[in-house]
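Structural overview for review
Residue-level listing of the chains:
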Amino acid sequence: MGSVIVPAGISRSATALSVSLLVLASFPLLALLPYGLPYALGVIRAEKEALLPGIHTIALLGNTSVVVVGTAAGSLVLGTLSALSILSFGSRTARAVLFGGALALIVPTYVAGVAWFYLFGPEGGIGSLVRTFGGDPIALLKGPWPVAAFLALCWYPIPMLAVYAGLRQTDREAVEAALLIGGPRRATSVLLRGLLKPIAWAGFFVALLALAEVGVPGLFQTPVLALYVFTGISVSLDPGSAFLPAATMLLAAAPLMVLWSRLQGKQSLWVLAGSFSRVSVLASIVPKTSAAAFLAFLLFLSAGLPLGYLLYKSLSPDAWLLLWETGLGEAAWSLVLAFGAAATLTSIGLWLAYASARGGSGFHSSLQRWLWIPFMLPAGALGLGLILAWNRPPFLAVLGGSPALLILAYLVKFAGVPAYLLAGGVGQVSPDQEEAAATLGAPWRKGFARVLVPAALPALLAAWALTYLLVLGDLGLAALLVPPGFSTLPLRIFNAVHYGPESFVAALCVALVSLSLLPAALWFAVRGARMVG
């Protein structure tokens, strides 16, 4: 494999871009320090004088630990079993199952949580059934274990995709030998030993997501660190109260991030688009009937039941008329923000990934790992830090009264996502293709646009789609940084879920899910165009 001669300014510009993003990310923390450090020291001193931590602090730490560990463990079990179950099917059925898992990821966790909240409510079927037997249906949703179980059900496709990507790299001969010698149990053991790295990668990633989750714990009335930061700031706008839990979350996230960065490889999950023939020999490990029933049940609980219930509750002309009259602006702003932020961050990520893959230095890879730190910051602390850092002269004249501060928050928080995905995609494009274009006289820009970008298109689409979904479903940053006169669909749902009519809230949720399907529509359009071409 050769090396591509690229302009010298690419590496320097990518370094400057990464450093700029990290500096922007450091401003919120630096702005919180003068307010938060005295508050944190006062709390620690008070608890030290009392000889034990406060009951509220213990409950927060305990609930957060259960949610993080329970979500990661539950999603790993469900995802690994799902990936192994897919082996029972042929190529077309396996693709359909993987697409169904991706569909479950498309549904925002808060939207699925609203559906389950209504199902257990006074008019929900599950709530009526529980009350028939003398139980309290709402009590079944409260607590860290229900939150962990629900989030595991929402995020199990992440380890499913990661494990299945690992199966693509499995030594087929070793598994066949184990299958002949020891049967399905021995073959499964050999498989799992080879899948430890993707399993651990997915587990750490899901744990980081659970650590920063705000919407579902709030909906299920379970106090965790991220929710404590968000609600405390939303009510009192007290910077000090945000510092201690935010610092605790960073300390908890640090070892997870280190382990995750050690485990992440250059192979991204978009490689699943290839052939399925390498794992078809393993189909006898899981019976086809059991696999089909298990996968269908998971998909029904994670996507089918909540979406079906929301569609049923939204079948009211008045609800859609109210949405048309009062919610069209929120839908438009959500679409514009998500589309624009995803396109901008994907372009930045492509530039950083190209410099890392072609620059021949690990410095850019190290910088890209640091870009994940803002992703782990609680939304409340990041939002308040941005307000303290930028909501003052002379920046106030530019940022005040516009969504510019919210857009800046999205650029800071989600920059690491497309950079990571594209590092794998660009790294797998052979430099020989660009060298061939240069040999034929094509300038560097033309080789980049006409050779590299089409070859990395699956990774580009994956990076754009994931960033689009993250921004579209954001609640924590929007609740703090949306200026007067603006709103988004998640924020409107959050404000209406406890007080608005169920049919109207369901219509808002269906509208948000419809916007979430845009990446799938774009993928089919690009795939059809490439097949025609």
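What counts, and at which threshold
- Residues numbered from 1 in each chain as written.
- Predicted model: local features only at pLDDT ≥ 70, side-chain atom pairs only at ≥ 80, totals over all residues.
- Heavy atoms only, no water.
- Helix = DSSP H or I, 4+ residues; strand = E, 2+ residues; numbered from the N terminus.
- Buried < 20%, exposed > 50% of the residue type's maximum accessible area, 1.4 Å probe, protein only.
- Contact = heavy atoms within 4.5 Å.
- Areas by Shrake-Rupley, 256 points an atom, 1.4 Å probe, with all protein chains shown as cover.
- Core = buried A, V, L, I, M, F, W, Y, C linked by side-chain atoms within 4.5 Å.
- Axes fitted to C-alpha atoms, helices over the stretch in contact; angles between N-to-C directions.
- Parallel < 35°, antiparallel > 145°, perpendicular 65-115°, else oblique.
- Left-handed = near helix turned anticlockwise from the far one by under 90°.
- Nonpolar A, V, L, I, M, F, W, Y, C, P; charged D, E, K, R; others polar.
- Salt bridge = Lys/Arg side-chain N within 4 Å of Asp/Glu carboxyl O.
- pLDDT = per-residue confidence, 0-100.
- Patch = residues over 30% accessible without salt bridge, like charges linked within 9 Å, V, L, I, M, F, W, Y side chains within 5 Å.
- Phe/Tyr/Trp six-rings, centres within 6.5 Å; stacked < 30°, edge-to-face > 60°.

Glancing now at the overall build of the chain. Secondary structure assignment for the chain yields 29 helices and zero strands. Expressed as a percentage of its 533 residues, the buried residues of the chain come to 51%. When contacts within the chain are restricted to residue pairs at least 6 apart in sequence, long-range pairs at least 24 apart make up 85% of them. For the chain, the exposed surface amounts to about 23600 Å²; the carbon and sulfur share of it is 69%.

On to the nonpolar core. In this structure, Val114 and Ile493 are the most contacted members of the largest nonpolar core, which totals 143 residues. Among the elements that take part in this core, helix α16 (residues 328-359) stands out by supplying twelve residues, more than any other. For valine 114, the residues in contact, after removing those within four places along its chain, are Leu219, Ile493, Val497, Val505 and Cys509.

Look at helix α4 (residues 109-119) against helix α7 (residues 144-155): their axes get within 11 Å of each other, and the N-to-C directions meet at 125 degrees. Taken together, the axes of α4 and α7 lie oblique to each other. When you trace α4 past α7, the crossing you get is right-handed. Along its contact with α4, which presents Thr109, Ala112, Gly113 and Trp116, the element α7 presents Phe150, Cys154 and Trp155. Split by residue class, the contact of α4 with α7 holds five nonpolar, two polar and no charged.

Here the focus is the pattern of salt bridges. The final tally for this structure, using the stated rule, is two salt bridges. One salt bridge connects glutamate 502 with lysine 313, and the closest N-O pair in it is separated by 3.5 Å. Placement of glutamate 502 in helix α28 (residues 502-516) and of lysine 313 in helix α14 (residues 288-313) is noted, with a sequence separation of 189 residues between them. Accessibility assignment for this pair places glutamate 502 and lysine 313 in one class, buried. Glutamate 330 serves as the salt-bridge partner of arginine 492, at 3.0 Å between the closest nitrogen and oxygen.

So, about the confidence of the model for the chain. Across the chain, the average pLDDT comes to 76, with 71% of residues at or above 70. Averaged pLDDT values for the elements of the chain fall to 64 in helix α20 (residues 396-399) and rise to 93 in α7. Below pLDDT 50 for its whole length, residues 49-53 participates in three contacts with residues either more than four positions away or in separate chains. Across residues 265-284 the pLDDT falls below 50, and counting only partners more than four positions away or on other chains, this stretch makes 56 contacts in the model.

Residues Val19, Val23, Phe27, Leu30 and Leu33 make up a contiguous nonpolar surface patch of about 380 Å² in total accessible area. Within the element layout of this structure, leucine 33 appears in helix α1 (residues 8-49).

The interhelical angle for the contact between helix α3 (residues 91-106) and helix α8 (residues 157-167), taken along N-to-C directions, is 145 degrees, at an axis separation of 9 Å. Between α3 and α8 the crossing geometry is left-handed. Taken together, the residues of α8 that come into contact with α3 (itself represented by Ala94, Val97, Leu98, Gly101, Ala104 and Leu105) are Pro157, Ile158, Met160, Leu161 and Tyr164.

Our focus in this paragraph is the environment of alanine 332. Considering the arrangement of structural elements, one finds alanine 332 in helix α16. Note on alanine 332: relative accessible area 41%, which makes it partly exposed. For the pair alanine 332 and threonine 488, spaced 156 residues apart in sequence, the C-alpha to C-alpha distance is 8.2 Å.

Here the focus is the side chain of threonine 467. Relative to the elements of secondary structure, threonine 467 occurs in helix α25 (residues 457-472). Ignoring any residue separated from it by four or fewer positions in sequence, one finds threonine 467 in contact with Ala342, Leu345, Phe414, Val417 and Pro418.

Quick look at the side chain of threonine 71 now. Mapped onto the elements of the fold, threonine 71 is located in helix α2 (residues 55-86). Classification of threonine 71 by relative accessible area gives buried; the value is 0%. Other than its neighbours up to four places away in sequence, threonine 71 contacts Val66, Ala148, Leu151, Ala152, Trp155, Val206 and Ala210.

Moving on to the packing of aromatic side chains. Going through the model one piece at a time under the given rule, you end up with eight aromatic pairs. Measuring from ring centre to ring centre gives 6.2 Å for tryptophan 116 and phenylalanine 120, while their planes differ by 35 degrees; the resulting arrangement is tilted. Given the relative accessible area of 12%, tryptophan 116 is considered buried. Judged by centre distance (6.1 Å) and plane angle (50 degrees), the rings of phenylalanine 117 and tyrosine 118 are tilted. Overall, tyrosine 118 belongs to the buried group, its relative accessible area being 4%. Among the aromatic residues, those joined into a cluster by ring pairs are Phe339, Trp464 and Tyr468.

By secondary structure assignment, the location of aspartate 474 is in the loop between α25 and α26 (476-481). On the basis of relative accessibility, which here comes to 8%, the residue aspartate 474 falls in the buried class. Separated by 364 residues in sequence, aspartate 474 and tyrosine 110 place their C-alpha atoms 9.4 Å apart. If near-sequence neighbours (up to four positions away) are discounted, aspartate 474 is found in contact with Tyr410 and Pro490.

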